[in-house]
Amino acid sequence: MDRRASAPHQPSGRRTALVPAARLQGWADRFAASHGAVAEDLDDGGLLLRAADGATAMLKAPWPADGRPGRGGTELERLASLANQERGLGLLLVRRGGYAIAAASGSTILASKSGSRFLEAKATAEQASRIFNEHRIEYIVPGGDRVLVDQLLSQPLLKAIAGRTRLAFLDIQGPKTAVLAKAAADACSVRITVTDPQP
């Protein structure tokens, strides 16, 4: 399995992977090779793959279609196409030990700012506002400390941005410039939760 990131504290027999759109078909082929013939069902806001041996994989696009659905002859192709679209992202990664803020188009970082310590919320919000207001931000990509992210998005300077849809929360241990490229790539990846067959 193509595992670029794993969700923490998952039940035994369940694991999560973040797979780029370009590698989604290969991932699905390997899943079928390991678990047998696969049936596709649209379920719970995603694409559910049910394998012959009882294993399942729930595939979720990184963002909603928002009137721009993916194209293709199969649900898997449409999901990969949707995930491959360029969307405007505002990355907001914060912890007490630092912060990293960026505007991105898909996985491409357009502008960023980071610091080795978390400033008080107003000062960090000023940095985020400056970057976000200069670029097209369709979705917020939060990460790090949920409480600090909520504090930042409650600041008056970020009122307009706070109303944007939030994508899946990223587990970021050390927010800094070096992690922004991976965070943007992860934000654009298909989130796959695999559940092993019951014994």
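Look a little higher up for the structure.
Residues numbered from 1 in each chain as written. Predicted model: local features only at pLDDT ≥ 70, side-chain atom pairs only at ≥ 80, totals over all residues. Heavy atoms only, no water.

1. Things to note about the sheet that holds strand E6 (residues 98-105)
Moving on, step 1. On the basis of which strands lie adjacent, the open sheet formed by five strands has the order E7-E6-E5-E8-E9 and mixed pairing. Looking at which strands have only one partner, the edges of the open sheet turn out to be strand E7 (108-115) and strand E9 (165-166).
Moving on, step 2. Relative to E6, strand E5 (residues 88-95) is paired through eight bridges, and the arrangement is antiparallel. Bridging across to E6, Val-94 finds its partner in Tyr-99.
Moving on, step 3. Together, E5, strand E8 (139-144) and E9 form the strand contacts of helix H4 (residues 146-153), whose direction differs from that of E5 by roughly 125 degrees.
Moving on, step 4. Sheet strands touched by helix H6 (residues 177-187): E5, E6, E7 and E8. Its angle to E5, the strand with the most contacts, is close to 130 degrees. (Pairing = 2+ DSSP bridges. Helix = DSSP H or I, 4+ residues; strand = E, 2+ residues; numbered from the N terminus. Contact = heavy atoms within 4.5 Å. Axes fitted to C-alpha atoms, helices over the stretch in contact; angles between N-to-C directions.)

2. Quick notes on the pattern of salt bridges
Moving on, step 1. For the structure on display, the rule yields eight salt bridges.
Moving on, step 2. One salt bridge in this structure joins Arg-78 and Glu-75, with 3.0 Å as the shortest N-O distance. Highlighted residues: Arg-78 and Glu-75, both in helix H2 (residues 75-83), separated by three residues, approximately one helical turn.
Moving on, step 3. Glu-138 is the partner of Arg-136 in a salt bridge, and the nearest nitrogen-oxygen pair spans 2.3 Å.
Moving on, step 4. The class for Arg-136 is partly exposed, based on a relative accessible area of 48%.
Moving on, step 5. A single network of salt bridges, built from pairs that share partners, joins Arg-68, Arg-136 and Glu-138. (Salt bridge = Lys/Arg side-chain N within 4 Å of Asp/Glu carboxyl O. Buried < 20%, exposed > 50% of the residue type's maximum accessible area, 1.4 Å probe, protein only.)

3. Here we look at the nonpolar core
Moving on, step 1. Core analysis: the largest hydrophobic core is formed by 20 residues, its most contacted members being Leu-24, Trp-27, Phe-31, Ala-57, Leu-59 and Ile-192.
Moving on, step 2. For this core, the secondary structure elements donating two or more residues are strand E1 (14-19), helix H1 (24-35), strand E3 (46-51), strand E4 (56-60), H2 and strand E10 (190-195).
Moving on, step 3. Not counting the four nearest positions on each side in its chain, Ala-57 is found in contact with Trp-27, Phe-31, Leu-47, Leu-48, Leu-49, Ile-192, Thr-193 and Val-194.
Moving on, step 4. Membership of the second largest hydrophobic core comes to 19 residues, among which are Ala-100, Ala-184, Ala-187 and Cys-188. (Core = buried A, V, L, I, M, F, W, Y, C linked by side-chain atoms within 4.5 Å.)

4. Remarks on the pairing of E8
Moving on, step 1. Of all six residues in E8, six are buried, a share of seventy percent or more.
Moving on, step 2. In this sheet, E9 lies alongside E8 in parallel orientation, the contact comprising two bridges. Note that in E9 the partner of Ile-140 across the bridge is Arg-166.

5. What to know about the sheet that holds strand E2 (residues 38-43)
For sheets, the rule is that strands pair by backbone hydrogen bonds, running either parallel or antiparallel.
Moving on, step 1. Pairing is antiparallel in the open sheet, where five strands are placed in the order E1-E10-E4-E3-E2. The open sheet has two free edges, formed respectively by E1 and E2, since each of these has just one partner strand. With direction set aside, neighbouring strand axes in the sheet form an average angle of 20 degrees.
Moving on, step 2. Where E3 meets E4, four bridges bridge the pair, whose relative direction is antiparallel.

6. Some words on the packing of H1 against H2
Moving on, step 1. Running from N to C, H1 and H2 point in directions that differ by 145 degrees, and their axes come no closer than 10 Å. Two secondary-structure elements touch here, H1 through Leu-24, Gln-25 and Ala-28 and H2 through Leu-76, Leu-79 and Ala-80.
Moving on, step 2. Its residues placed into classes, the contact of H1 with H2 shows five nonpolar, one polar and no charged. (Nonpolar A, V, L, I, M, F, W, Y, C, P; charged D, E, K, R; others polar.)

7. Brief notes about the layout of surface pockets
Moving on, step 1. When its volume is computed, the second largest pocket comes out at roughly 280 Å³.
Moving on, step 2. Around the second largest pocket sit 16 residues that line it, and Gly-45, Gly-46, Ala-61, Leu-79 and Leu-82 are the ones nearest its centre.
Moving on, step 3. Those elements giving two or more residues to the lining of the second largest pocket turn out to be E3, E4 and H2.
Moving on, step 4. When the residues that make up the lining of the second largest pocket are grouped by side-chain class, the tally is nine nonpolar, three polar and four charged. (1 Å grid on protein atoms, 1.4 Å probe; cavity = no way out; pocket = protein on both sides within 12 Å on 5 of 7 lines; lining within 4 Å. Points joined across faces, edges and corners; volume = space filled by probe spheres on them.)

8. Details of the side chain of Ser-189
Moving on, step 1. Looking at the element boundaries, Ser-189 is found in the loop between H6 and E10.
Moving on, step 2. A distance of 2.9 Å separates a polar atom in the side chain of Ser-189 from the backbone oxygen of Ala-185. (Polar contact = N/O pair within 3.5 Å; in protein donor to acceptor, adjacent residues only side chain to side chain.)

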